[in-house]
Amino acid sequence: MAHKDSIPKNAISKIKQLRKKEISPERLVDGILKGDKTLLAKAITLLESSNPKHFEKANTVVEQCLAHPSNSIRVGITGVPGVGKSSFIEVLGKTLTGLGKKVAVLAVDPTSTLSKGSILGDKTRMQALSKDSNAFIRPSPSGETLGGVARKTRESIVLCEAAGFDIILVETVGVGQSETLVHSMVDFFLLLKLSGAGDELQGIKRGIMEMADAIAINKADGHNIEKAKLAEVEFSRALHLYPPKENGWTPKVLRCSAMENVGIGEIWEMIREYTALVQENGHFKVNRQTQNKNWFLQTLDEQLHQLFHQREDFQSKKEEMLQAIELNKVSPFYAAKSLIQELVQELK
């Protein structure tokens, strides 16, 4: 490979221009359909852009990818920070690629509310999987989205499916804000728990437990094995207190160790068993239809938000209201209501 100093300056300039040159939606779609992971990554970057100019291009890419349906399985994986989500996903991913599956991991890192920054270190934590030719890892910042998912996770799933990935693993921040959002975009929802860390039945969020299709007690190794067995019994009892799921599935509790690669294969077999059941009784299709409706409602909210926030008069009036609230001249509720009413009148 030529040393940088030996490359003419005009050639370096041309290389930089090519890198900066925007790729057309058609070329992105063509690359995605051919399984080009570089163009897939560029397309997801386009999706996540807040630049209004990129909005239509991103939509074109998504629309064209939607025309290429797949038989993928979408798996959401959540759990408290420190439960070992990244290690678990790496071992599960390697297990799946070893079975000849193509795996995409959409990993979400928490965004700082102060600096707005995000580490995006999942590729560092999943070194073996990131080098696997049958895997694709995309870390994205959660931004201001609740539920520990990125703003464009749904669209990213569609692109990964068009690129030929059989299994889409969605790793969440796991902060317990609104895991409903994760549940609304996947086929199978897996909750990772710890044993021996005060994480058994204490502090369990009822809503997350009800949504879980299975609970995996991770780090069930070494001195933790007996505690994990006890946690398995306690969680199994707790699950029986909830009403049966409409899809006919009975949630299960399993033990695993990502560090020792124990129980991971059994979890995949359980996911296959679940998928076969819901495909046979029609609930798989019903769930996908519900996902699309939720996607529509989320997109509608986003576009209404953009419709107002991109208007210069909205920004100036918003600042006026903020100053009025600061001086206690108006209540926050009345300020919001009057601002919306004023702008709606202008749009008529």
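Residues numbered from 1 in each chain as written. Predicted model: local features only at pLDDT ≥ 70, side-chain atom pairs only at ≥ 80, totals over all residues. Heavy atoms only, no water.

## Digging into the overall build of the chain
Counting its secondary structure elements, the chain contains 15 helices and seven strands. Each of the 348 residues in the chain was classed as buried or not, and the buried ones make up 42%. Taking as baseline every contact in the chain between residues at least 6 positions apart, the subset at least 24 positions apart corresponds to 75%. For the chain, the exposed area adds up to about 19,300 Å²; of that, 55% sits on carbon and sulfur atoms. (Helix = DSSP H or I, 4+ residues; strand = E, 2+ residues; numbered from the N terminus. Buried < 20%, exposed > 50% of the residue type's maximum accessible area, 1.4 Å probe, protein only. Contact = heavy atoms within 4.5 Å. Areas by Shrake-Rupley, 256 points an atom, 1.4 Å probe, with all protein chains shown as cover.)

## Focus on a nonpolar patch on the surface
Taken together, the side chains of Phe296, Leu297, Leu300, Leu304, Leu307 and Leu347 define a hydrophobic patch exposed on the protein surface, amounting to about 540 Å² of accessible area. Here the nonpolar patch gets five residues from one element, more than from any other, and that element is helix α13 (residues 283-309). Residue placement: Leu300 occurs in helix α13. (Patch = residues over 30% accessible without salt bridge, like charges linked within 9 Å, V, L, I, M, F, W, Y side chains within 5 Å. Salt bridge = Lys/Arg side-chain N within 4 Å of Asp/Glu carboxyl O.)

## Thoughts on the pattern of salt bridges
In this structure the tally under the stated criterion is 13 salt bridges. The shortest N-O distance in the salt bridge between Arg288 and Asp187 comes to 2.8 Å. Pair noted here: Arg288 is in helix α13 and Asp187 is in the loop between α9 (180-183) and β5 (188-194), with a separation of 101 residues, a long-range link. Since its relative accessible area comes to 16%, Arg288 is described here as buried. On the basis of relative accessible area, Asp187 is assigned to the buried category, the value being 4%. Of the charged contacts in the structure, one is a salt bridge between Lys245 and Asp213, with a shortest N-O distance of 3.8 Å. Note that Lys245 is positioned in the loop between α11 (225-239) and β7 (252-255) and Asp213 in the loop between α10 (206-211) and β6 (214-218), a separation of 32 residues in sequence.

## Topic: the packing of helix α8 (residues 153-162) against α13
Here α8 crosses α13 at 130°, and the two axes come no closer than 11 Å. Classified by the interaxial angle, the pair formed by α8 and α13 is oblique. Contacts from Arg154, Glu155, Val158 and Glu161 of α8 reach α13 at Arg288, Gln291, Asn294, Trp295, Gln298 and Thr299. (Axes fitted to C-alpha atoms, helices over the stretch in contact; angles between N-to-C directions. Parallel < 35°, antiparallel > 145°, perpendicular 65-115°, else oblique.)

## Some thoughts on the nonpolar core
The biggest cluster of nonpolar side chains holds 45 residues, and the ones touching the most others in it are Ile32, Leu40, Val61, Leu159 and Cys160. Leave out the neighbours within four places in its chain, and Ile32 touches Leu39, Leu40, Ala43, Val61, Cys65, Leu159, Ala162 and Ala163. Counting 36 residues, the second-largest nonpolar core is a separate cluster that includes Phe188, Ala258, Trp268 and Tyr274. (Core = buried A, V, L, I, M, F, W, Y, C linked by side-chain atoms within 4.5 Å.)

## Considering unusual backbone geometry
A negative phi holds for most residues other than glycine; trans holds for most peptide bonds. Unlike most non-glycine residues, Lys219 shows phi in positive territory, near 60°. Its location among the elements puts Lys219 in the loop between β6 and α11. The backbone of Asn261 shows a phi angle near 55°, a positive value even though the residue is not glycine. With respect to the helices, strands and loops of the structure, Asn261 is situated in the loop between β7 and α12 (264-281).

## Topic: the packing of aromatic side chains
Scanning all chains against the criterion turns up four aromatic pairs. Measuring from ring centre to ring centre gives 5.0 Å for Phe188 and Tyr274, while their planes differ by 80°; the resulting arrangement is edge-to-face. On the criterion of sequence distance, the pair formed by Phe188 in strand β5 and Tyr274 in helix α12 is long-range, its members being 86 residues apart. Side by side, Phe188 and Tyr274 carry an identical accessibility label, which is buried. Through pairs of rings, three or more aromatic residues link up here, namely Phe188, Trp249 and Tyr274. Over the ring of Phe165 we find Lys102, and its NZ or CZ is 4.8 Å from the ring centre. The ring of Trp249 is capped by Lys252, whose NZ or CZ atom sits 5.1 Å from the centre of that ring. (Phe/Tyr/Trp six-rings, centres within 6.5 Å; stacked < 30°, edge-to-face > 60°. Lys NZ or Arg CZ within 6 Å of the ring centre and 35° of its normal.)

## Here's the deal with the pairing of β6
Among the five residues that make up β6, five are buried, leaving the element largely enclosed by the rest of the structure. Here β5 runs beside β6; their pairing, made up of five bridges, is parallel. Of the residues in β6, the one forming a bridge with Leu192 is Ala216. Here four bridges tie β6 to β7, and the two strands are oriented parallel to one another. When the sheet's bridge partners are listed, Ala216 is paired in β7 with Leu254. (Pairing = 2+ DSSP bridges.)

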